Amino acid sequence: MQKEKVVAAIDLKAFYAYVECVDRNLDPWKTPLVVCDKERGKNTIILSVSPYLKKKGVPSRLRIRDLPKGFDYVYAVPRMERYIQRSSEVVSIFLDFISEEDLHVYSIDESFLDLTSYLDYYKMTPIELVKHIKNTIKEKTGLETTAGIGNNLFLSKVALDIYAKKEKDGIATIFKKDIKTKLWPITPLNKIWGIGE
């Protein structure tokens with residue numbers, strides 16, 4: 001009998017801002033850091049804000065002029081080379097767990113891992129294996145992740161985008177059996193990956 005496919009979508013939390021905080025020995029959960037070049041003026045787009053600011057309701061994409069008052073902001077000039085380097089470190093950690101053909105790097109801060117053939121090998125449930133991967137990333141890089149797990153790319157991505165950020169351990173699942181209870185209730189529909197206005 002064919003095994004049911006298990007895919008994990010793993011996302012690096014507030015990636016650029018998190019890297020800047022880690023590199024400066026600042027706590028991302030207590031530091032009002034924004035990634036942008038302040039010298040370019042008030043209309044400059046902010047690429048990333050720290051988890052501390054996200055928690056306070058500051059969106060991750062806005063212009064300097066739209067930053068809420070009342071924070072003593074730490075400004076970090078974007079360093080794309082550094083972010084690519086850190087992203088590569090995380091990808092190499094994924095490759096410690098799975099083979100290249102089971103990894104799809106979706107963006108600089110997000111990847112899909114096909115875990116189907118590894119669960120028996122590691123003798124772990126999907127959640128246990130993803131926790132192990134997340135903990136290894138945290139241990140080796142200082143970066144935090146969230147993850148969605150499902151039976152395909154779509155379900156894992158929706159679990160990541162809609163539910164994982166609300167979970168204490170940063171992991172959410174949507175398997176085929178959960179479609180009616182977890183996928184159908186999502187409104188508006190454009191909250192779902194791949195669905196536009």
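Residues numbered from 1 in each chain as written. Predicted model: local features only at pLDDT ≥ 70, side-chain atom pairs only at ≥ 80, totals over all residues. Heavy atoms only, no water.

### Points about the sheet that holds strand E8 (residues 110-114)
What counts is decided by this rule: Two strands qualify as a pair provided that DSSP identifies no fewer than 2 bridges between them. For the purposes of this entry, the term helix denotes a DSSP run of H or I that reaches at least four residues, the term strand denotes a run of E that reaches at least two, and both are numbered from the N terminus. Lines fitted to C-alpha atoms define the axes, with helix axes restricted to the stretch in contact, and inter-axis angles between N-to-C directions lie between 0 and 180 degrees.
The mixed open sheet is built from five strands, whose spatial order is E7-E8-E1-E9-E10. The open sheet has two free edges, formed respectively by strand E7 (103-107) and strand E10 (171-174), since each of these has just one partner strand. Strand-to-strand, the axes of this sheet are offset by a mean angle of 20°, without reference to chain direction. Alignment of E7 against E8, held across four bridges, turns out to be antiparallel. Paired with Leu103 across the strands is Leu113, a residue of E8.

### Topic: the pairing of E10
Stated formally: Each residue is placed in one exposure class: buried if its accessible area under a 1.4 Å probe, protein chains only, is under 20% of its type's maximum, exposed if it is over 50%, and partly exposed if it falls in between. Here the term right-handed applies to a crossover when the path leading from its first strand over the helix to its second strand runs clockwise, the strands being oriented away from the viewer.
What you see with E10 is no split at all: Ile171 and Thr173 on one side and Ala172 and Ile174 on the other are buried throughout. Here strand E9 (residues 145-150) pairs with E10 via four bridges, running parallel. When the bridges of E10 are listed, Ile149 appears paired with Thr173. Each parallel crossover has a hand, and for E9 linked through helix H6 (residues 153-163) to E10 it is left-handed.

### Quick look at the pattern of salt bridges
The condition is simple: Every case where a carboxyl oxygen of Asp or Glu lies within 4 Å of a side-chain nitrogen of Lys or Arg is listed as a salt bridge.
What the rule picks out here adds up to 14 salt bridges. Of the charged contacts, one joins Asp23 and Arg79 as a salt bridge, the two residues approaching to 2.7 Å between their closest N and O atoms. Taken together, the residues span a long stretch of sequence, with Asp23 in helix H1 (residues 15-23) and Arg79 in the loop between strand E6 (74-76) and helix H3 (80-97) at a distance of 56 residues. Taking relative accessible area as the criterion, Arg79 reaches 34% and is therefore assigned partly exposed. Here Lys140 makes a salt bridge to Asp96, at a shortest N to O gap of 3.9 Å.

### Some points on H6
Side chains three or four residues apart in an α-helix point the same way, a direct result of the helix having 3.6 residues per turn. For clarity, the threshold we go by: Residue contacts follow a heavy-atom distance rule, with two residues in contact if any of their heavy atoms lie within 4.5 Å. We call two N or O atoms a polar contact when they sit within 3.5 Å, provided that within protein one can donate a hydrogen and the other can accept it, with sequence-adjacent residues counted only if both atoms are side-chain atoms.
For H6, the full list of buried residues reads Leu155, Ser156, Lys157, Val158, Ala159, Leu160 and Ile162. In the core, the buried residues of H6 are packed alongside strand E1 (7-12), E7, E8, E9, E10 and helix H7 (179-183). Two or three places before Phe154, at the opening of H6, Asn152 has a side-chain oxygen 3.2 Å from that residue's backbone nitrogen.

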